[in-house]
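Close look at the chain arrangement
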Amino acid sequence: MPSSSPRGFAACIVAGPKLAAMRIALAQILSGTDPAANLQLVREYSAKAADAGARLVVFPEAMMCRFGVPLAPIAEPVDGPWADGVRRIATDAGITVIAGMFTPAGDGRVKNTLIAAGPGTPNQPDSYYDKIHLYDAFGFSESRTVAPGHEPAVITVDDVQVGLTICYDIRFPALYTELAHRGAQLIVVCASWGAGPGKLEQWTLLARARALDSMSYVAAAGQADPQDSLSGPGSGSGAPTGVGGSLVASPLGEVVAAAGSQPELVVADIDVNRVAKARESIAVLRNQSDFAQTDRAQSVG
């Protein structure tokens, strides 16, 4: 059921099984340095996702403001104006919205946060997640300006349990299996993935692998590839600003839907019955065991 895209944005809709429990959308965009303009993008893409029948729309990390500029002056609390704007958008569109923002950490740094707001007054759900694993890798030091979170988060959207993760979190399987043990059937990962040789391939592989690890759907929403379009402050900072390639992976690691490199709305149906079937047949969560006496492990031969 494709329909025209707002302002020329591309939209890709992939129909799933007839018994799919929920239709979801990934908004692969390019955020700029103006939070108000970025909030308008949230409004436009949320309306488009709702028009396509989605019950959940997932935006990238750093939706509030792209990386590469000072974040402390941008940061607002989760009950501040920008987050409240997301809540109003969710209510107006009648859809749950997950989007990346920055919140004050209290030590001069910020926290890399997801706001999750559903429709209604009050909003249901109305929650947030602070990124646990900070991107101190590939020559970038996120912990210099960002403080870590400590608590995994699972929300409920239309009776589907949804785990929340951000970017570098995807390299840590234990978080995904923990979310699955906490009931998550769908795990979203919102990213502003760093560019570089093989990085897009790693992003795709990691999303599929985490789906297999957790026996869950994984909805990986990233910033589009800015290519040479960035200008202004921080444009040459080397900060992670996106590579595109947003995707939905099934509990068996299959790619259900995927985006190219440019701004695009991807809509896909998920069937949570497949989660239960995968967990029963492959049983990696049930069969998982703690390693015993790892300091005494021996190689044979």
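Reference entry: report on the structure contained in this document.

Reading the values: the criteria
- Residues numbered from 1 in each chain as written.
- Predicted model: local features only at pLDDT ≥ 70, side-chain atom pairs only at ≥ 80, totals over all residues.
- Heavy atoms only, no water.
- Helix = DSSP H or I, 4+ residues; strand = E, 2+ residues; numbered from the N terminus.
- Buried < 20%, exposed > 50% of the residue type's maximum accessible area, 1.4 Å probe, protein only.
- Contact = heavy atoms within 4.5 Å.
- Areas by Shrake-Rupley, 256 points an atom, 1.4 Å probe, with all protein chains shown as cover.
- Pairing = 2+ DSSP bridges.
- Axes fitted to C-alpha atoms, helices over the stretch in contact; angles between N-to-C directions.
- Patch = residues over 30% accessible without salt bridge, like charges linked within 9 Å, V, L, I, M, F, W, Y side chains within 5 Å.
- Salt bridge = Lys/Arg side-chain N within 4 Å of Asp/Glu carboxyl O.
- Parallel < 35°, antiparallel > 145°, perpendicular 65-115°, else oblique.
- Left-handed = near helix turned anticlockwise from the far one by under 90°.

**Focus on the overall build of the protein chain**
Counting its secondary structure elements, the protein chain contains six helices and 16 strands. With 301 residues in all, the protein chain has 51% of them scored as buried. Considering only intrachain contacts with a sequence separation of at least 6, the fraction spanning at least 24 residues in the protein chain is 71%. Carbon and sulfur atoms provide 52% of the accessible area of the protein chain, an area that totals close to 12900 Å².

**A look at the sheet that holds strand S11 (residues 160-166)**
Taken in spatial order, the six strands line up as S10-S11-S12-S13-S14-S15 in an open sheet, and their pairing is mixed. With partners counted over all chains shown, the strands left at the sheet margins are strand S10 (153-157) and strand S15 (255-258), one partner each. Shown here is a sheet whose adjacent strand axes are inclined to one another by a mean of 20 degrees, direction ignored. Here S11 pairs with strand S12 (residues 186-191) via five bridges, running parallel. If you follow Ile166 over to S12, its bridge partner there is Cys190. Contacts from helix H3 (residues 173-181) reach S10, S11 and S12 within the one sheet, and its direction differs from that of S11 by about 160 degrees.

**A look at the pairing of S15**
Examined bridge by bridge, strand S14 (residues 247-249) and S15 share three bridges and lie antiparallel to one another. Looking at S15, one finds that Leu247 is bridged to Ala258. Here S14 folds back onto S15, and the loop between the two strands holds five residues, one of which, Gly253, carries a positive phi near 80 degrees.

**Comments concerning a nonpolar patch on the surface**
On the surface, Leu212, Leu252, Ile282 and Val284 cluster together into a nonpolar patch covering about 280 Å² of accessible area. The topology assignment puts Leu252 in the loop between S14 and S15. Residue Leu252 is classed as partly exposed on the basis of its relative accessible area, which comes to 39%.

**Some words on the pattern of salt bridges**
In total, this model carries 14 salt bridges according to the counting rule given. Note that Asp107 and Arg109 form a salt bridge whose closest N and O atoms lie 2.9 Å from each other. What makes Asp107 partly exposed here is its relative accessible area of 45%. Classification of Arg109 as partly exposed rests on a relative accessible area of 26%. Here Arg182 and Glu178 are joined by a salt bridge, their closest N and O atoms 2.7 Å apart.

**A word on unusual backbone geometry**
In this structure, the amide linkage connecting Thr121 to the following residue, Pro122, adopts the cis form with an omega of 5 degrees. Residue position: Pro122 is located in the loop between strand S5 (110-117) and strand S6 (126-130). Looking along the chain, the bond that leaves Gln124 and enters Pro125 is cis, with omega of 0 degrees. Tracing the backbone shows Pro125 in the loop between S5 and S6. Of note in the backbone geometry, Met215 takes a positive phi value of approximately 55 degrees without being a glycine. Tracing the backbone through its elements, the reader meets Met215 in the loop between helix H4 (199-214) and strand S13 (217-222).

**Considerations on the packing of H3 against H4**
Two numbers describe a pair of packed helices, the interaxial angle and the distance between the axes. Taken N-terminus to C-terminus, the directions of H3 and H4 make an angle of 45 degrees; their axes are 8 Å apart at the nearest point. The angle between H3 and H4 places the two elements in the oblique class. Read as a crossing pair, H3 and H4 show a hand that is right-handed. When H3 is examined against H4, the residues Pro173, Tyr176, Thr177 and Ala180 are found in contact with a partner set consisting of Arg210, Asp213 and Ser214.

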